[in-house]
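# Working through the structure, step by step
Below are the chains, spelled out letter by letter.
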Amino acid sequence: LAAGGLYLSPHPQARQALLDFLWHQRPHARVRTVPRVGWHFGRAGGAAFVLPGGRIFGDVPGERVLLDLPGPPPATFRAAGTAEGWRRAVAARCVGNRRLLFAVSLAFAPLLLTPLGEESGGVNLRGESRRGKSTALRAAASVWGAPEGHSSFVRQWRATGNSIEGTAAEHNDCLLPLDELGQVDPREAGEIVYMLGNNQGKGRAHREGRSRPAATWRVLILSTGEKGLAETLAEAGRPLKAGQEVRFVDLPADAGKGLGLFEELHGAPDAATFAEELRAAMAREHGTAGPAFLAWLAPKIAADPGWPRA
């Protein structure tokens, strides 16, 4: 209240008067603060998807849902252009390119994980450099935010397990694009994949010894790397386990058409020019397609008493 401008006398009677006033209030509306982006389901029905910037999709009867983060909201969900502009400039260039279509489709799919009660997982685009892997990753990221730059929606594998927990929570119910698997410590790669796929971070304790709630999330990962997970683990002398292989699937980036990841260049003279044209289009048009899809999807989930399925 003080941060909002309330001046209160330090006299005990003034403080007691404020407490008496608050005690006798009977508000007609309620606000529920939530600590992360993503889906939030009402106790009596309804659903709302929360994004930074006060963007709420769907409805929870009797409650207004607001995002309340411990720090400043992440700048990764920023937008430029329009959803229609993104369709014409970015999505249209994916037609005829199966891996581009897959990558962009993967960016929309996480919105259904929580309603369906499904687990997290991921796909790694594996192949040599300059095959179009990063272009596909940026195309998927452009559904939700900027494909590159200071506040890019794309994140890096070059991180410890602890920091990836926070990153996964920030991308809850959305795509988590991770660039260059080769940057991660091979000794940590397998545990990170398990952790991301299990939807929950490590349990920790406060300094006083009390347990602290573990971070949770549901995400779909789109990764790139010159090597797959099995090769990365082998560098540390560790085998690929069945659970890791199921959670994190390798997909060859090369489409076998002599154009790297691409198959249809839409009039461009070569694959490099096509990638540059797509990159320029994504710089102009990004961060609008995901919210546009949410505007269509969220009211349907909010109105269906059968959701969530978990």
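Residues numbered from 1 in each chain as written. Predicted model: local features only at pLDDT ≥ 70, side-chain atom pairs only at ≥ 80, totals over all residues. Heavy atoms only, no water.

## Focus on the sheet that holds strand E8 (residues 175-179)
The strand order across the open sheet formed by 5 strands is E7-E8-E11-E6-E12, and the pairing between neighbours is parallel. Strands with a single pairing partner mark the edges of an open sheet, and in this sheet they are strand E7 (155-156) and strand E12 (248-252). As judged from the 5 bridges shared by strand E6 (residues 121-126) and E12, these two strands associate in the parallel manner. Opposite Val123, over in E12, you have Val249 as the bridge partner. (Pairing = 2+ DSSP bridges. Helix = DSSP H or I, 4+ residues; strand = E, 2+ residues; numbered from the N terminus.)

## With respect to the sheet that holds strand E3 (residues 47-51)
Strand order in the open sheet formed by 3 strands is E2-E3-E4, and the pairing between neighbours is antiparallel. At either end of the open sheet lies a strand with only one pairing partner, and these are strand E2 (38-41) and strand E4 (55-59). On average, adjacent strands in this sheet sit at an angle of 20 degrees to one another, irrespective of strand direction. In this structure, E2 lies alongside E3, joined through 4 bridges in antiparallel fashion. The partner of Trp39 across the bridge, within E3, is Phe49. Strands E2, E3 and E4 of the sheet are contacted by helix H11 (residues 289-303), whose axis makes an angle of about 30 degrees with E4. (Axes fitted to C-alpha atoms, helices over the stretch in contact; angles between N-to-C directions. Contact = heavy atoms within 4.5 Å.)

## Examining the side chain of Thr167
Structurally, the position occupied by Thr167 is in helix H6 (residues 161-170). Under the relative-accessibility criterion, Thr167 is labelled buried at 14%. With residues up to four places along the chain from it excluded, the contact list for Thr167 reads Arg155 and Leu176. (Buried < 20%, exposed > 50% of the residue type's maximum accessible area, 1.4 Å probe, protein only.)

## Digging into the packing of aromatic side chains
Taken as a whole, this structure holds 9 aromatic pairs when the rule is applied. Seen in terms of ring centroids, Phe77 and Phe153 are 5.2 Å apart; in terms of plane orientation they differ by 75 degrees. Their pairing is edge-to-face. Taken as a pair, Phe77 in the loop between strand E5 (63-67) and helix H2 (83-94) and Phe153 in the loop between helix H5 (133-141) and E7 lie far apart in primary sequence, 76 residues in all. As far as burial versus exposure is concerned, Phe77 and Phe153 are alike and both buried. Ring centres of Trp86 and Phe108 lie 6.3 Å apart, and the angle between their planes is 75 degrees; on these two criteria the pair is classed as edge-to-face. (Phe/Tyr/Trp six-rings, centres within 6.5 Å; stacked < 30°, edge-to-face > 60°.)

## Description of the environment of Leu69
Inspection of the secondary structure puts Leu69 in the loop between E5 and H2. Ignoring anything within four residues of it in the chain, the contact list for Leu69 reads Pro35, Arg36 and Pro74.

## So, the side chain of Glu285
Structurally, Glu285 is set in the loop between helix H10 (271-284) and H11. Put simply, Glu285 is tucked away with no salt bridge, and the nearest opposite charge, on Arg284, sits 5.3 Å away. A distance of 2.9 Å separates the side chain of Glu285 from the backbone nitrogen of Thr82, its partner in a polar contact. In this view, Glu285 contacts Ala80, Gly81, Thr82, Gly85, Trp86, Ala89, Val90 and Ser142; residues no more than four positions away in its chain are not counted. (Lys, Arg positive; Asp, Glu negative; His and termini not counted. Salt bridge = Lys/Arg side-chain N within 4 Å of Asp/Glu carboxyl O. Polar contact = N/O pair within 3.5 Å; in protein donor to acceptor, adjacent residues only side chain to side chain.)

## Quick look at the packing of H2 against H10
Relative orientation and spacing of two packed helices are given, respectively, by the angle between their axes and the distance between those axes. At their nearest, the axes of H2 and H10 sit 9 Å apart, and the two run at 145 degrees to each other. Judged by the twist between their axes, the crossing of H2 over H10 is left-handed. Together, Ala89, Val90 and Arg93 of H2 and Phe274, Glu277, Leu278, Ala281, Met282 and Arg284 of H10 make up the contact between the two elements. Here the residues of the contact of H2 with H10 sort into 6 nonpolar, no polar and 3 charged. (Left-handed = near helix turned anticlockwise from the far one by under 90°. Nonpolar A, V, L, I, M, F, W, Y, C, P; charged D, E, K, R; others polar.)

Treat this as a map of the structure, not an account of what it does.
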